[in-house]
Amino acid sequence: MPSLAAKFNSILWEQDRVRIGDTEIALHDFTAATPSTDACLLYKTKFLMDQYARFFSQREPHAFRNILEVGIWGYGSVVLWNELLRPEKYVAIDINKSTRNSGFESYVGRNEIAHKVKTLWEFDQGDKTKLQNLCDAEFPNGLDLVIDDGSHLYRYTRPCLEALLPRLNEGGLYIIEDWAWEHWKSYDSLLHPWATEESLTKLVHELVCTAGSANELIQDIYVCKGFVAIQRGGLRVPSVNGFKLDTYSQRRRFKFLRSAIFPFLPSILGVKRQLKKLSSWG
Ligand SMILES: C[S@@+](CC[C@H](N)C(=O)[O-])C[C@H]1O[C@@H](n2cnc3c(N)ncnc32)[C@H](O)[C@@H]1O
């Protein structure tokens, strides 16, 4: 199998499509309102894919056998990741109602991969129980890669991560795409539909704290503009509902005492010294 660097380098970018081998995927016109239904459409830019190329070129090509993706949209990313990573099992979920796509149907038929590629619609990534049932049924050997390109909102993304992180095999990757939207100009408006939403910056901060903590839940964390990737360490954690990220994030204790008493310590000690001086005069 060619290296992942070679695979990413083989993507040919044209104005309105990408080609990888003999597979063609249309690029979403970011100004159009709805995706077309007769071609697989990819909602990614070259700028983002170049970041993925840098990240994945360091990794083994056959490392990603079991993949779960959140956010199907126009099926383009399902095709793209299948072409790049050649998994044994690929399941993608989306909260929307199913949309038929003849381009995707012919891709699956041509490559005879209906038994290993599944797309599940009306599936909310915030539904932990449904995610756990899905993993029990489809991924008995755990997950090697999760790509979350779904809601991009904290209230769905965090429960999804809490359901799936325990299922990730040691060394496996959990990627959250477009985490940084809070820091992009176009989102900086009170009229934006996400104006009152908690962003993913909070989750990335929580993950950094967990990665730095004295346990092996997260081995490594890689943050760039287009995505954040967490590499799973070897710590075993419960995979049913009880898993909470906070439990694995450690902090120094006695914060209150440190901030309430320490700043006044010099003056408290000063008063004591004065009293001592006075009593010695007496
Ligand atoms: C940016 S699009 C995905 C693009 C696709 N991965 C690609 O690169 O071409 C985001 C998708 O996430 C789905 N989505 C939004 N909220 C979701 C949720 N709570 N659970 C699952 N999917 C969700 C949307 O319906 C939409 O199709």
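Nothing here was measured: the structure is a model prediction, and the numbers come from that model.

A. Inspection of the overall build of the protein chain at higher detail. Across its full length, the protein chain holds 9 helices and 11 strands. For the protein chain, the C-alpha radius of gyration of 24 Å lies well beyond 19 Å, the compact-globule estimate for 282 residues. Dimensions along the principal axes, computed over C-alpha positions, put the protein chain at roughly 100 × 45 × 35 Å. Put simply, the protein chain has 282 residues, and 30% of those count as buried. Residue pairs in contact within the protein chain that sit at least 24 positions apart in sequence constitute 68% of those at least 6 positions apart.

B. Geometry of the nonpolar core. Judged by nonpolar contacts, the single largest core of 54 residues is most densely connected at C40, V78, V79, V146, L164 and Y174. Take this core: its biggest share by element is 6 residues, from helix α3 (residues 76-85). With sequence-adjacent residues up to four places away left out, V79 is seen in contact with T23, I25, C40, F104 and Y107.

C. The arrangement of the site of the ligand in detail. Inspection of the region around the ligand gives 21 residues, with Y43, G71, S77, Q125 and S151 positioned closest. Grouping the amino acids of the shell around the ligand by side-chain chemistry returns 8 nonpolar, 9 polar and 4 charged.

D. Molecular detail of the domain arrangement of the protein chain. Each assigned domain of the protein chain is listed with its residue range as follows: domain 1 (4-254) and domain 2 (255-282). When each unit is reduced to the centre of its C-alpha atoms, the spacing between domain 1 and domain 2 is 56 Å.

E. Broad picture of the sheet that holds strand β3 (residues 23-27). The strand order β1-β2-β3-β4 describes an open sheet built from 4 strands, whose pairing is mixed. In this open sheet, the two edge strands, each paired with only one partner strand, are β1 (12-13) and β4 (41-42). Relative to strand β2 (residues 17-20), β1 runs antiparallel, the two sharing 2 bridges. Counterpart to L12 in the pairing with β2 is R19. Sheet strands touched by α3: β2, β3 and β4. Its angle to β3, the strand with the most contacts, is close to 140 degrees.

F. Summary view of the pairing of strand β5 (residues 66-70). Counting buried positions along β5 yields 5 of 5 residues, so the element is predominantly enclosed. Side chains N66, L68 and V70 project from β5 onto one buried face, and the interleaved I67 and E69 project onto a second face that is buried too. As judged from the 5 bridges shared by β5 and strand β6 (residues 89-93), these two strands associate in the parallel manner. Counterpart to I67 in the pairing with β6 is Y90. In terms of handedness, the path from β5 via α3 over to β6 forms a crossover that is right-handed. Across 4 bridges, the pairing between β5 and strand β8 (residues 143-148) is parallel. Looking across to β8, one finds that V70 is bridged to D148.

G. Structural view of unusual backbone geometry. In this model, W73 sits at a positive phi of 50 degrees, which is unusual for a non-glycine residue. Note that W73 resides in the loop between β5 and α3. The backbone phi angle of Y75 is positive, close to 70 degrees, even though this residue is not glycine. Given 27 C-beta atoms within 10 Å, Y75 falls into the buried group.

H. Highlighting the sheet that holds strand β10 (residues 218-223). In spatial order, the strands read β7-β6-β5-β8-β9-β11-β10; together these 7 strands make up an open sheet with mixed pairing. The sheet terminates laterally at β7 (117-120) and β10, the two strands that pair on one side only. Averaged over all adjacent pairs, the angle separating strand axes in this sheet is 10 degrees, with direction ignored. Bridge count between β10 and strand β11 (residues 227-232): 5 bridges; the pairing is antiparallel. Opposite V223, over in β11, you have V228 as the bridge partner. Across the sheet, helix α7 (residues 201-212) lies against β10 and β11, angled at about 140 degrees from β10, the strand it touches most.

I. Structural view of the pairing of β8. For β8, the tally of buried residues reaches 6 of 6 residues, placing the bulk of the element in the interior. Where β8 and strand β9 (residues 168-177) come together, 5 bridges link them in parallel fashion. What sits directly across from I147, in β9, is I175. The parallel pair β8 and β9, bridged by helix α6 (residues 154-164), forms a crossover whose chirality is right-handed.

What counts and how
- Residue positions within a chain follow its written sequence, with the count starting from 1.
- For a predicted model such as this one, the threshold for reporting local features is a pLDDT of at least 70, and the threshold for listing and counting side-chain atom pairs is 80 or more; totals across whole chains, interfaces and linings nevertheless cover every residue.
- Secondary structure follows DSSP: runs of H or I at least 4 residues long count as helices, runs of E at least 2 residues long count as strands, and numbering of each begins at the N terminus.
- Our radius of gyration is a C-alpha quantity, and the globule rule it is checked against amounts to 2.2 Å times the number of residues to the power 0.38.
- The exposure label follows from counting other C-beta atoms within 10 Å of a residue's C-beta, where the C-beta atoms are placed from the backbone and the thresholds are 20 or more for buried and 12 or fewer for exposed, leaving partly exposed in between.
- Here the contact rule is simple: place C-beta atoms from the backbone, and any two residues whose C-beta atoms are within 7 Å are in contact.
- The term nonpolar core refers to a group of buried residues, namely Ala, Val, Leu, Ile, Met, Phe, Trp, Tyr and Cys, whose C-beta atoms join them within 7 Å.
- Here, nearness means that the C-beta atom of a residue, built from backbone geometry, sits within 6 Å of the molecule or strand in question.
- For this scheme, ten residues count as nonpolar: Ala, Val, Leu, Ile, Met, Phe, Trp, Tyr, Cys and Pro. Four count as charged, namely Asp, Glu, Lys and Arg, and the remainder, Gly too, count as polar.
- What counts as a domain boundary in this text is fixed by an automatic or database domain assignment.
- Only strands joined by at least two bridges in the DSSP assignment are considered to pair.
- Comment: axis = line fitted to C-alpha atoms, over the contacting stretch for helices; angle = value between 0 and 180 degrees taken between N-to-C directions.
- Orient the strands so they point away from the viewer, and a crossover whose first-strand-to-second-strand path over the helix runs clockwise is right-handed.

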